[in-house]
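# Observations on chain architecture
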Amino acid sequence: MSRVIYVNGRYQPYAKAAVHAEDRGFQFADAVYEVIEVSGGKLVDARRHLERLARSLGEISMPMPMSEGALRQIMSETLRRNRVRDGLIYIQVTRGAAPRDFALPGPDVPQSVIVLARRQVRAASDALAEEGIAIMTMRDPRWARSDIKTVMLLPAVLAKAEAKRQGAREVWFTDENGAVTEGGSSNAWIVTPSGKIVTRALDNRILPGITRASAMDTARHLQLQLEERAFTLKEAYEAAEAFITSATNTVMPVVRIDDRLIGSGRPGPVARQLRHAFHHIAEISAL
Ligand code: PDD
């Protein structure tokens, strides 16, 4: 069945789904987005994702393009038309199409809104989690507002391409103090040798991950020790375990960082426990 994508009020066939050549998302990355996991036809943590979308828009002085109810209706219809039960929903909102000008367009220019749904096989992610993934590290090349989920993703695209060349699935960025900020498209976590789960506290250098928030809820539910603070690359090399979180991975064990094996070199018990319990704790809702 051919896929359709919601673009500016219409469900367009995949091959024809397009925005204007002068869309500001295309010319300036003047746009924000969300990725929401779909599990069994339901959305995982939709409320938190839509709250973050509103925050990202606010931080770049854009209004929500429509009511939350209208957006949920479009997400539901996009899932239905594409028959997606397990996978993801992608939402992008741009400042719209206008003759190229750095100055912001007036309020008469309508925002562009794109919603697409994609199938993802859960078994593939589970198989990967059984093995764990490798991480490459580099100095964070991004701007100082990584807390806003913008589509300005070229630094992450290039960093992840380099990671792939080096046989790693994800990149971890480090700041000027040698502390890990986050992954190219995920949040970064370690478990210390004494069993504490550590992830960087929210600041301007990291995205406030929704999976991060729900993984923290999960850790608390499991009565695991949790610390929100920056950790150095050295600590990560010497950690008992490491893992990443994102809507597309939930909790994914890390078994190698650069050329160091982490812990036993196999996925650790804390990451496994969090991954297993995650969907029992995250808010899973029909649209
Ligand atoms: N990326 N940090 C960055 C830089 C990210 O791009 C993402 C998500 C995360 C994790 O956030 P969340 O748990 O809300 O997915 C952290 C999405 C999945 C993407 O760009 O495809």
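An account of the accompanying structure is given in this report. (Residues numbered from 1 in each chain as written. Predicted model: local features only at pLDDT ≥ 70, side-chain atom pairs only at ≥ 80, totals over all residues. Heavy atoms only, no water.)

### Some thoughts on the overall build of the protein chain
What the protein chain contains, in helices and strands, is eight helices and 16 strands. Relative to the 2.2 N^0.38 estimate, which gives 19 Å for 287 residues, the radius of gyration of the protein chain is 19 Å and therefore close to what a compact globule would have. Here the C-alpha coordinates of the protein chain stretch approximately 55 × 40 × 35 Å along the principal axes. Here the protein chain, with 287 residues, has 50% of them falling under the buried criterion. (Helix = DSSP H or I, 4+ residues; strand = E, 2+ residues; numbered from the N terminus. Rg over C-alpha atoms; globule rule 2.2 N^0.38 Å. Buried < 20%, exposed > 50% of the residue type's maximum accessible area, 1.4 Å probe, protein only.)

### With respect to the packing of aromatic side chains
Counted according to the given criterion, the structure contains five aromatic pairs. When the centroid spacing of 5.3 Å and the interplanar angle of 65 degrees are considered together, the rings of tyrosine 6 and tyrosine 11 count as edge-to-face. Tyrosine 11 gets classed as partly exposed once you look at its relative accessible area, which sits at 24%. Centre to centre, the rings of tryptophan 189 and phenylalanine 243 are 5.1 Å apart; their planes meet at 20 degrees, and the pair counts as stacked. Remark: phenylalanine 243 occurs in strand S13 (residues 241-246) and tryptophan 189 occurs in strand S10 (residues 187-191); sequence separation between them is 54 residues. Owing to a relative accessible area of 0%, tryptophan 189 belongs among the buried residues under this scheme. (Phe/Tyr/Trp six-rings, centres within 6.5 Å; stacked < 30°, edge-to-face > 60°.)

### Some remarks on the pattern of salt bridges
Tallied over the entire structure, the rule returns 31 salt bridges. Among the salt bridges present, the one from aspartate 30 reaches arginine 95, with a minimum N-O distance of 2.8 Å. Of the two residues, aspartate 30 is situated in the loop between helix H1 (24-28) and strand S3 (31-39) and arginine 95 in the loop between strand S5 (87-94) and strand S6 (112-119); the sequence distance between them amounts to 65 residues. (Salt bridge = Lys/Arg side-chain N within 4 Å of Asp/Glu carboxyl O.)

### Let's talk about the site of the ligand
Among the 20 residues in the neighbourhood of the ligand, the closest are listed as Tyr33, Arg52, Glu182, Ile210 and Thr211. A distance of 2.8 Å is found between an oxygen atom of the ligand and a side-chain nitrogen or oxygen belonging to arginine 52. The contact in question runs from an oxygen atom of the ligand to an N or O atom on the backbone of isoleucine 210, over 2.8 Å. The protein chains hide 89% of the 470 Å² of surface that the ligand would expose on its own. Where the shell around the ligand is concerned, the elements lending two or more residues are S3, helix H2 (46-59), strand S9 (180-183), helix H6 (210-221) and S13. Residues that form the shell around the ligand fall into these classes: five nonpolar, 11 polar and four charged. In this structure, the shell around the ligand is formed jointly by two domains, domain 1 (4-120) and domain 2 (125-285), each of which donates at least three residues. (Near = heavy atom within 4 Å. Polar contact = N/O pair within 3.5 Å; in protein donor to acceptor, adjacent residues only side chain to side chain. Areas by Shrake-Rupley, 256 points an atom, 1.4 Å probe, with all protein chains shown as cover. Nonpolar A, V, L, I, M, F, W, Y, C, P; charged D, E, K, R; others polar. Domains from an automatic or database assignment.)

### Some remarks on helix H8 (residues 269-281)
End to end, H8 covers 18 Å across 13 residues, agreeing with the expected 18 Å (1.5 Å per residue, within 8%). The largest bend along H8 reaches roughly 25 degrees and is located at arginine 275. Those residues of H8 that sit buried are Val270, Ala271, Leu274, Arg275, Ala277 and Phe278. (Expected span 1.5 Å × (residues − 1). Bend = angle between axes of the 7 residues up to and from the residue.)

Taken by themselves, the reported measurements are silent on function.
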